[in-house]
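# A look at the structure
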Protein chains: 2
Amino acid sequence: MEKLKYTVITGASSGIGYETAKAFADRDKPLILVARRKKRLQQLKQAIRQKNPNLEVLIFPVDLTIKENVYQLFSDLTIYELETWINNAGIGMYGGLRTNDLQKTEHLLQLNIEAFAILSSLFVKDYFSKAGTQLINISSAGRYTIVPNAVLYCATKFFVSAFTGRDSRRIDCCWCQHASQVISSCCHQNRVRPDSSEHGYL
Amino acid sequence: MEKLKYTVITGASSGIGYETAKAFADRDKPLILVARRKKRLQQLKQAIRQKNPNLEVLIFPVDLTIKENVYQLFSDLTIYELETWINNAGIGMYGGLRTNDLQKTEHLLQLNIEAFAILSSLFVKDYFSKAGTQLINISSAGRYTIVPNAVLYCATKFFVSAFTGRDSRRIDCCWCQHASQVISSCCHQNRVRPDSSEHGYL
(Lines give C-alpha, C1' and ligand atoms only; values in the text may rest on other atoms or scores of the structure.)
Protein backbone atom coordinates (compact mmCIF):
# COMPACT_ATOMS: atom_id res chain seq x y z
CA MET A 1 0.00 0.00 0.00
CA GLU A 2 1.37 3.40 -0.97
CA LYS A 3 2.22 5.71 1.89
CA LEU A 4 -0.14 8.64 2.34
CA LYS A 5 1.18 11.99 1.21
CA TYR A 6 -0.16 14.76 3.38
CA THR A 7 -0.97 18.40 2.81
CA VAL A 8 -0.17 20.58 5.83
CA ILE A 9 -2.15 23.78 6.30
CA THR A 10 -1.31 26.23 9.06
CA GLY A 11 -3.99 28.59 10.28
CA ALA A 12 -6.60 26.09 9.12
CA SER A 13 -9.29 26.96 11.65
CA SER A 14 -10.73 29.88 9.69
CA GLY A 15 -10.57 32.08 6.61
CA ILE A 16 -8.35 31.09 3.72
CA GLY A 17 -6.83 28.18 5.65
CA TYR A 18 -10.28 26.74 6.37
CA GLU A 19 -11.42 27.02 2.76
CA THR A 20 -8.11 25.67 1.48
CA ALA A 21 -8.50 22.59 3.67
CA LYS A 22 -11.93 21.92 2.17
CA ALA A 23 -10.62 22.46 -1.35
CA PHE A 24 -7.75 20.01 -0.82
CA ALA A 25 -10.13 17.54 0.80
CA ASP A 26 -12.28 17.73 -2.33
CA ARG A 27 -9.18 16.59 -4.22
CA ASP A 28 -8.79 13.65 -1.85
CA LYS A 29 -5.60 14.98 -0.28
CA PRO A 30 -4.90 13.62 3.21
CA LEU A 31 -4.69 16.61 5.54
CA ILE A 32 -2.72 17.80 8.53
CA LEU A 33 -4.54 20.81 9.93
CA VAL A 34 -2.72 23.21 12.25
CA ALA A 35 -4.19 26.08 14.28
CA ARG A 36 -4.47 27.25 17.86
CA ARG A 37 -8.12 26.37 18.35
CA LYS A 38 -8.65 22.64 18.80
CA LYS A 39 -12.43 22.87 18.75
CA ARG A 40 -12.47 24.69 15.42
CA LEU A 41 -10.11 22.09 13.95
CA GLN A 42 -12.33 19.28 15.22
CA GLN A 43 -15.37 20.94 13.63
CA LEU A 44 -13.52 21.32 10.34
CA LYS A 45 -12.41 17.70 10.45
CA GLN A 46 -15.98 16.63 11.07
CA ALA A 47 -17.27 18.73 8.16
CA ILE A 48 -14.65 17.27 5.83
CA ARG A 49 -15.29 13.69 6.94
CA GLN A 50 -19.04 14.06 6.43
CA LYS A 51 -18.36 14.74 2.77
CA ASN A 52 -15.35 12.45 2.39
CA PRO A 53 -15.60 9.77 5.15
CA ASN A 54 -12.45 7.88 4.20
CA LEU A 55 -10.12 10.84 4.00
CA GLU A 56 -7.31 10.92 6.56
CA VAL A 57 -7.49 14.20 8.52
CA LEU A 58 -5.11 14.85 11.41
CA ILE A 59 -5.35 17.91 13.63
CA PHE A 60 -2.55 19.65 15.51
CA PRO A 61 -3.66 22.40 17.90
CA VAL A 62 -0.54 24.56 18.17
CA ASP A 63 0.19 28.21 18.91
CA LEU A 64 2.87 29.11 16.38
CA THR A 65 3.65 32.47 17.98
CA ILE A 66 5.80 30.42 20.40
CA LYS A 67 9.05 29.49 18.68
CA GLU A 68 9.53 26.21 20.50
CA ASN A 69 6.12 25.08 19.22
CA VAL A 70 7.19 25.79 15.66
CA TYR A 71 10.14 23.43 15.86
CA GLN A 72 8.14 20.87 17.84
CA LEU A 73 5.38 20.82 15.23
CA PHE A 74 7.79 20.13 12.40
CA SER A 75 9.54 17.49 14.46
CA ASP A 76 6.20 15.82 15.22
CA LEU A 77 5.42 15.71 11.50
CA THR A 78 8.62 13.96 10.46
CA ILE A 79 6.87 10.59 10.83
CA TYR A 80 4.51 11.54 7.98
CA GLU A 81 5.32 11.93 4.31
CA LEU A 82 4.39 15.41 3.14
CA GLU A 83 3.44 16.51 -0.32
CA THR A 84 2.40 20.13 0.16
CA TRP A 85 3.11 22.65 2.90
CA ILE A 86 0.83 25.68 3.03
CA ASN A 87 1.98 28.56 5.23
CA ASN A 88 -1.28 30.34 5.81
CA ALA A 89 -1.20 31.21 9.54
CA GLY A 90 -0.97 34.93 10.06
CA ILE A 91 -2.27 37.72 12.23
CA GLY A 92 -3.63 41.00 10.97
CA MET A 93 -3.19 44.22 12.88
CA TYR A 94 -4.53 47.70 12.36
CA GLY A 95 -3.04 50.69 14.09
CA GLY A 96 -0.07 52.99 14.09
CA LEU A 97 3.22 52.69 15.90
CA ARG A 98 2.21 55.27 18.45
CA THR A 99 -0.70 53.23 19.69
CA ASN A 100 0.19 49.63 18.80
CA ASP A 101 0.58 47.29 21.72
CA LEU A 102 4.15 45.99 21.64
CA GLN A 103 3.19 42.48 22.72
CA LYS A 104 0.80 42.26 19.80
CA THR A 105 3.53 43.61 17.55
CA GLU A 106 5.82 40.84 18.75
CA HIS A 107 3.15 38.18 18.16
CA LEU A 108 2.61 39.52 14.66
CA LEU A 109 6.32 39.29 13.86
CA GLN A 110 6.69 35.87 15.50
CA LEU A 111 3.83 34.36 13.50
CA ASN A 112 3.85 36.22 10.19
CA ILE A 113 7.62 36.26 9.81
CA GLU A 114 9.55 34.02 12.22
CA ALA A 115 7.29 30.94 12.24
CA PHE A 116 6.72 31.38 8.50
CA ALA A 117 10.46 31.55 7.72
CA ILE A 118 11.40 28.68 10.04
CA LEU A 119 8.68 26.35 8.71
CA SER A 120 9.54 27.23 5.11
CA SER A 121 13.20 26.50 5.85
CA LEU A 122 12.52 23.19 7.56
CA PHE A 123 10.21 22.02 4.79
CA VAL A 124 12.63 23.01 2.03
CA LYS A 125 15.57 21.34 3.81
CA ASP A 126 13.68 18.03 3.94
CA TYR A 127 11.67 18.14 0.71
CA PHE A 128 13.61 20.16 -1.83
CA SER A 129 14.67 17.10 -3.80
CA LYS A 130 11.44 15.13 -3.50
CA ALA A 131 9.43 15.13 -6.72
CA GLY A 132 5.86 16.36 -6.52
CA THR A 133 6.27 18.40 -3.35
CA GLN A 134 5.38 22.05 -3.08
CA LEU A 135 5.53 24.95 -0.68
CA ILE A 136 2.64 27.41 -0.90
CA ASN A 137 2.83 30.68 1.00
CA ILE A 138 -0.23 32.82 1.51
CA SER A 139 0.48 36.52 1.23
CA SER A 140 -1.91 39.44 0.96
CA ALA A 141 -2.91 42.35 -1.22
CA GLY A 142 -1.12 44.29 1.52
CA ARG A 143 2.01 43.10 -0.16
CA TYR A 144 1.35 45.44 -3.10
CA THR A 145 -0.32 48.39 -1.49
CA ILE A 146 0.55 49.60 1.96
CA VAL A 147 -2.72 50.06 3.82
CA PRO A 148 -2.16 53.30 5.77
CA ASN A 149 -3.52 51.97 9.04
CA ALA A 150 -1.96 48.52 8.74
CA VAL A 151 1.60 49.28 7.74
CA LEU A 152 3.21 46.80 10.11
CA TYR A 153 0.99 43.97 8.85
CA CYS A 154 1.61 44.95 5.24
CA ALA A 155 5.37 45.02 5.86
CA THR A 156 5.19 41.39 7.04
CA LYS A 157 3.48 40.51 3.76
CA PHE A 158 6.14 42.33 1.76
CA PHE A 159 8.53 40.00 3.58
CA VAL A 160 6.46 36.91 2.74
CA SER A 161 6.19 37.75 -0.93
CA ALA A 162 9.83 38.78 -1.34
CA PHE A 163 10.91 35.64 0.50
CA THR A 164 8.77 33.40 -1.66
CA GLY A 165 9.34 34.54 -5.19
CA ARG A 166 11.33 36.99 -7.19
CA ASP A 167 8.20 38.26 -8.81
CA SER A 168 5.51 37.21 -6.47
CA ARG A 169 2.61 38.31 -8.61
CA ARG A 170 3.06 35.11 -10.55
CA ILE A 171 3.67 31.58 -9.45
CA ASP A 172 7.40 31.42 -9.16
CA CYS A 173 9.95 28.77 -8.45
CA CYS A 174 12.38 30.06 -5.94
CA TRP A 175 12.96 27.80 -2.99
CA CYS A 176 11.65 24.44 -4.03
CA GLN A 177 12.93 22.48 -6.94
CA HIS A 178 9.41 21.67 -7.96
CA ALA A 179 7.11 24.47 -6.97
CA SER A 180 6.92 27.43 -4.69
CA GLN A 181 3.91 29.64 -4.85
CA VAL A 182 2.75 32.81 -3.30
CA ILE A 183 -0.93 33.46 -3.23
CA SER A 184 -2.32 36.84 -2.41
CA SER A 185 -5.59 37.60 -0.81
CA CYS A 186 -7.11 41.01 -0.70
CA CYS A 187 -7.58 42.17 2.84
CA HIS A 188 -10.55 44.34 1.97
CA GLN A 189 -12.33 42.54 -0.81
CA ASN A 190 -11.44 38.89 -0.45
CA ARG A 191 -14.16 36.33 -0.77
CA VAL A 192 -12.87 34.44 2.22
CA ARG A 193 -13.21 36.61 5.25
CA PRO A 194 -10.41 36.06 7.75
CA ASP A 195 -11.76 35.46 11.20
CA SER A 196 -9.73 38.23 12.75
CA SER A 197 -12.15 39.30 15.41
CA GLU A 198 -11.21 36.50 17.75
CA HIS A 199 -7.57 37.43 17.69
CA GLY A 200 -8.36 40.92 18.87
CA TYR A 201 -5.90 42.39 16.41
CA LEU A 202 -8.25 43.85 13.87
CA MET B 1 22.16 75.58 29.46
CA GLU B 2 20.15 73.79 26.80
CA LYS B 3 19.86 70.05 27.19
CA LEU B 4 21.87 68.02 24.71
CA LYS B 5 19.86 66.37 21.95
CA TYR B 6 21.42 63.10 20.95
CA THR B 7 21.57 61.13 17.74
CA VAL B 8 21.39 57.37 18.32
CA ILE B 9 23.02 55.08 15.75
CA THR B 10 22.69 51.31 15.99
CA GLY B 11 25.29 49.15 14.31
CA ALA B 12 27.76 52.02 14.64
CA SER B 13 30.92 49.94 14.86
CA SER B 14 31.40 49.54 11.11
CA GLY B 15 30.09 50.24 7.61
CA ILE B 16 27.29 52.71 7.13
CA GLY B 17 26.75 53.13 10.87
CA TYR B 18 30.40 54.03 11.38
CA GLU B 19 30.44 56.57 8.57
CA THR B 20 27.10 58.00 9.65
CA ALA B 21 28.47 58.57 13.14
CA LYS B 22 31.39 60.53 11.73
CA ALA B 23 29.08 62.53 9.47
CA PHE B 24 26.79 63.48 12.36
CA ALA B 25 29.84 64.30 14.50
CA ASP B 26 30.99 66.69 11.77
CA ARG B 27 27.63 68.43 12.26
CA ASP B 28 28.30 68.69 16.02
CA LYS B 29 25.54 66.25 16.94
CA PRO B 30 26.01 64.59 20.33
CA LEU B 31 26.11 60.85 19.71
CA ILE B 32 24.93 57.64 21.30
CA LEU B 33 26.69 54.79 19.52
CA VAL B 34 25.31 51.26 19.77
CA ALA B 35 26.92 48.01 18.59
CA ARG B 36 28.06 44.67 19.94
CA ARG B 37 31.78 45.36 19.85
CA LYS B 38 32.87 47.65 22.67
CA LYS B 39 36.42 48.02 21.42
CA ARG B 40 35.29 49.18 17.99
CA LEU B 41 32.96 51.71 19.58
CA GLN B 42 35.77 52.99 21.77
CA GLN B 43 38.01 53.39 18.72
CA LEU B 44 35.28 55.26 16.88
CA LYS B 45 34.69 57.51 19.86
CA GLN B 46 38.41 58.22 20.02
CA ALA B 47 38.55 59.05 16.30
CA ILE B 48 35.59 61.41 16.60
CA ARG B 49 36.97 63.12 19.71
CA GLN B 50 40.33 63.71 18.07
CA LYS B 51 38.57 65.80 15.44
CA ASN B 52 35.90 67.26 17.71
CA PRO B 53 37.23 67.15 21.31
CA ASN B 54 34.21 68.74 22.95
CA LEU B 55 31.56 66.55 21.36
CA GLU B 56 29.59 64.31 23.70
CA VAL B 57 29.91 60.69 22.55
CA LEU B 58 28.38 57.87 24.58
CA ILE B 59 28.86 54.21 23.73
CA PHE B 60 26.49 51.33 24.46
CA PRO B 61 27.88 47.86 23.68
CA VAL B 62 24.72 45.81 23.17
CA ASP B 63 23.80 42.69 21.23
CA LEU B 64 20.43 43.56 19.72
CA THR B 65 19.71 40.01 18.54
CA ILE B 66 18.60 39.43 22.15
CA LYS B 67 15.14 40.88 22.66
CA GLU B 68 15.61 41.76 26.31
CA ASN B 69 18.62 43.87 25.34
CA VAL B 70 16.51 45.81 22.87
CA TYR B 71 14.05 46.92 25.53
CA GLN B 72 16.84 47.49 28.07
CA LEU B 73 18.72 49.73 25.66
CA PHE B 74 15.73 51.95 25.04
CA SER B 75 14.97 52.06 28.74
CA ASP B 76 18.58 53.07 29.48
CA LEU B 77 18.28 55.91 27.00
CA THR B 78 15.17 57.47 28.50
CA ILE B 79 17.34 59.73 30.66
CA TYR B 80 18.65 61.42 27.50
CA GLU B 81 16.81 63.68 25.12
CA LEU B 82 16.94 62.26 21.62
CA GLU B 83 16.73 64.12 18.35
CA THR B 84 17.41 61.42 15.77
CA TRP B 85 17.20 57.64 15.89
CA ILE B 86 19.02 55.77 13.14
CA ASN B 87 18.19 52.08 12.80
CA ASN B 88 21.24 50.85 10.96
CA ALA B 89 22.10 47.57 12.72
CA GLY B 90 21.58 44.61 10.46
CA ILE B 91 23.08 41.31 9.46
CA GLY B 92 23.62 40.16 5.90
CA MET B 93 23.32 36.53 4.93
CA TYR B 94 24.04 34.69 1.71
CA GLY B 95 22.73 31.22 1.07
CA GLY B 96 19.63 29.25 0.25
CA LEU B 97 17.02 27.77 2.55
CA ARG B 98 18.39 24.28 2.02
CA THR B 99 21.77 25.15 3.46
CA ASN B 100 21.11 28.13 5.74
CA ASP B 101 21.84 27.57 9.40
CA LEU B 102 18.59 28.09 11.29
CA GLN B 103 20.23 29.82 14.23
CA LYS B 104 21.71 32.38 11.85
CA THR B 105 18.31 32.75 10.21
CA GLU B 106 16.81 33.48 13.62
CA HIS B 107 19.52 36.06 14.40
CA LEU B 108 18.88 37.73 11.07
CA LEU B 109 15.16 38.01 11.78
CA GLN B 110 15.69 39.11 15.38
CA LEU B 111 18.04 41.93 14.40
CA ASN B 112 16.86 43.05 10.96
CA ILE B 113 13.16 42.82 11.76
CA GLU B 114 12.27 42.39 15.43
CA ALA B 115 14.82 44.76 17.02
CA PHE B 116 14.25 47.21 14.18
CA ALA B 117 10.45 47.20 14.62
CA ILE B 118 10.57 47.38 18.41
CA LEU B 119 13.08 50.26 18.48
CA SER B 120 11.13 52.13 15.81
CA SER B 121 7.94 51.65 17.83
CA LEU B 122 9.48 52.76 21.11
CA PHE B 123 11.05 55.85 19.53
CA VAL B 124 7.84 56.85 17.76
CA LYS B 125 5.77 56.34 20.91
CA ASP B 126 7.99 58.76 22.84
CA TYR B 127 8.98 61.25 20.15
CA PHE B 128 6.17 61.46 17.61
CA SER B 129 5.00 64.83 18.87
CA LYS B 130 8.40 66.35 19.57
CA ALA B 131 9.41 68.91 16.94
CA GLY B 132 12.72 68.38 15.20
CA THR B 133 12.94 64.65 15.87
CA GLN B 134 13.42 62.09 13.16
CA LEU B 135 13.61 58.36 12.64
CA ILE B 136 15.98 57.19 9.93
CA ASN B 137 15.93 53.55 8.83
CA ILE B 138 18.72 52.12 6.74
CA SER B 139 17.51 49.70 4.11
CA SER B 140 19.35 48.19 1.16
CA ALA B 141 19.34 47.90 -2.59
CA GLY B 142 18.18 44.38 -1.77
CA ARG B 143 14.84 46.02 -1.08
CA TYR B 144 14.36 46.64 -4.81
CA THR B 145 16.03 43.66 -6.40
CA ILE B 146 16.03 40.24 -4.84
CA VAL B 147 19.61 39.01 -4.91
CA PRO B 148 19.22 35.32 -5.84
CA ASN B 149 21.60 34.03 -3.18
CA ALA B 150 20.46 36.42 -0.46
CA VAL B 151 16.70 36.18 -0.64
CA LEU B 152 16.14 35.96 3.11
CA TYR B 153 18.25 39.07 3.72
CA CYS B 154 16.50 40.93 0.91
CA ALA B 155 13.11 39.97 2.29
CA THR B 156 14.06 41.62 5.61
CA LYS B 157 14.88 44.79 3.69
CA PHE B 158 11.55 44.65 1.86
CA PHE B 159 10.08 44.65 5.36
CA VAL B 160 12.19 47.62 6.46
CA SER B 161 11.31 49.72 3.45
CA ALA B 162 7.61 48.86 3.47
CA PHE B 163 7.49 49.54 7.21
CA THR B 164 9.19 52.89 6.85
CA GLY B 165 7.49 54.56 3.96
CA ARG B 166 4.73 54.05 1.49
CA ASP B 167 7.07 54.69 -1.37
CA SER B 168 10.44 54.04 0.08
CA ARG B 169 12.41 55.16 -2.92
CA ARG B 170 11.90 58.69 -1.72
CA ILE B 171 12.08 60.24 1.68
CA ASP B 172 8.64 59.74 3.04
CA CYS B 173 6.78 60.74 6.14
CA CYS B 174 5.01 57.76 7.51
CA TRP B 175 5.53 57.16 11.19
CA CYS B 176 6.89 60.39 12.56
CA GLN B 177 5.11 63.66 12.48
CA HIS B 178 8.29 65.37 11.46
CA ALA B 179 10.43 63.04 9.44
CA SER B 180 10.85 59.41 8.70
CA GLN B 181 13.39 58.38 6.17
CA VAL B 182 14.52 55.22 4.54
CA ILE B 183 17.99 55.19 3.08
CA SER B 184 19.11 52.44 0.79
CA SER B 185 22.58 51.16 0.33
CA CYS B 186 23.63 48.88 -2.47
CA CYS B 187 24.94 45.62 -1.14
CA HIS B 188 27.26 45.11 -4.08
CA GLN B 189 28.40 48.55 -5.08
CA ASN B 190 28.06 50.70 -2.01
CA ARG B 191 30.86 53.04 -1.15
CA VAL B 192 30.72 52.04 2.49
CA ARG B 193 31.62 48.41 2.74
CA PRO B 194 29.74 46.66 5.53
CA ASP B 195 32.08 44.76 7.76
CA SER B 196 30.24 41.51 7.34
CA SER B 197 33.15 39.15 7.58
CA GLU B 198 33.26 39.26 11.34
CA HIS B 199 29.64 38.23 11.66
CA GLY B 200 30.29 35.08 9.71
CA TYR B 201 27.09 35.55 7.78
CA LEU B 202 28.44 36.63 4.42
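It should be emphasised that the depicted structure is a prediction, and the values quoted were computed from it without experimental measurement.

### Some details on the relation of the copies chain A and chain B
You can overlay chain A on chain B at an RMSD of 0.0 Å; the transform is a turn of 180° with a shift of 0.0 Å along its axis. Such a combination of turn and shift is consistent with a two-fold rotation axis. When C-alpha distances to the rotation axis are compared across chain A, the minimum falls at A:Phe159, with a value of 2.6 Å. The fraction of interface residues of chain A whose copies in chain B are also interface residues reaches 100%, indicating that both copies meet through the same surface.

### Description of the environment of A:Leu58
All names here are of chain A. Checked against the element boundaries, Leu58 lands in strand 3 (residues 57–61). Among the residues examined, Leu58 registers 16 C-beta atoms within 10 Å and is labelled partly exposed. Once residues lying within four places of it in the same chain are set aside, the contact partners of Leu58 are Leu31 and Ile32.

### Let's talk about helix 5 (residues 151–164) of chain B
Spanning 14 residues, helix 5 of chain B covers 20 Å between terminal C-alpha atoms, matching the ideal 20 Å at 1.5 Å per step. Helix 5 of chain B sits mainly inside the fold: 14 of its 14 residues count as buried.

### Considerations on the interface of chain A and chain B
Listed as interface residues are 28 residues of chain A and, on the opposing side, 28 residues of chain B. Considering every element that reaches the side of chain A that touches chain B, the biggest residue donor is helix 4 (residues 102–127) of chain A, with 11 residues. Here the side of chain A that touches chain B is composed, by residue class, of 19 nonpolar, five polar and four charged.

### Comments concerning the pairing of strand 2 (residues 31–35) of chain B
All names here are of chain B. By the criterion of burial, strand 2 is predominantly enclosed, with five of the five residues buried. Covered by surrounding structure in strand 2 are Leu31, Leu33 and Ala35 together with Ile32 and Val34, the residues of both alternating faces. Pairing analysis gives four bridges linking strand 1 (residues 5–10) to strand 2, with the strands arranged parallel. Note that in strand 2 the partner of Thr10 across the bridge is Val34. Once you follow strand 1 into helix 1 (residues 15–26) and on to strand 2, the crossover reads as right-handed. Of the strand pairs in this sheet, strand 2 and strand 3 (residues 57–61) are connected by five bridges, and their pairing is parallel. For Ile32, the partnering residue across the bridge sits in strand 3 and is Leu58.

Rules of the game
Residues numbered from 1 in each chain as written. Chains lettered and ligands numbered in written order. Predicted model: local features only at pLDDT ≥ 70, side-chain atom pairs only at ≥ 80, totals over all residues. Least-squares fit on C-alpha atoms with pLDDT ≥ 70 in both. Contact = placed C-beta atoms within 7 Å. Helix = DSSP H or I, 4+ residues; strand = E, 2+ residues; numbered from the N terminus. Buried ≥ 20, exposed ≤ 12 C-beta atoms within 10 Å, placed from the backbone. Expected span 1.5 Å × (residues − 1). Nonpolar A, V, L, I, M, F, W, Y, C, P; charged D, E, K, R; others polar. Pairing = 2+ DSSP bridges. Right-handed = clockwise from strand over helix to strand, strands pointing away.

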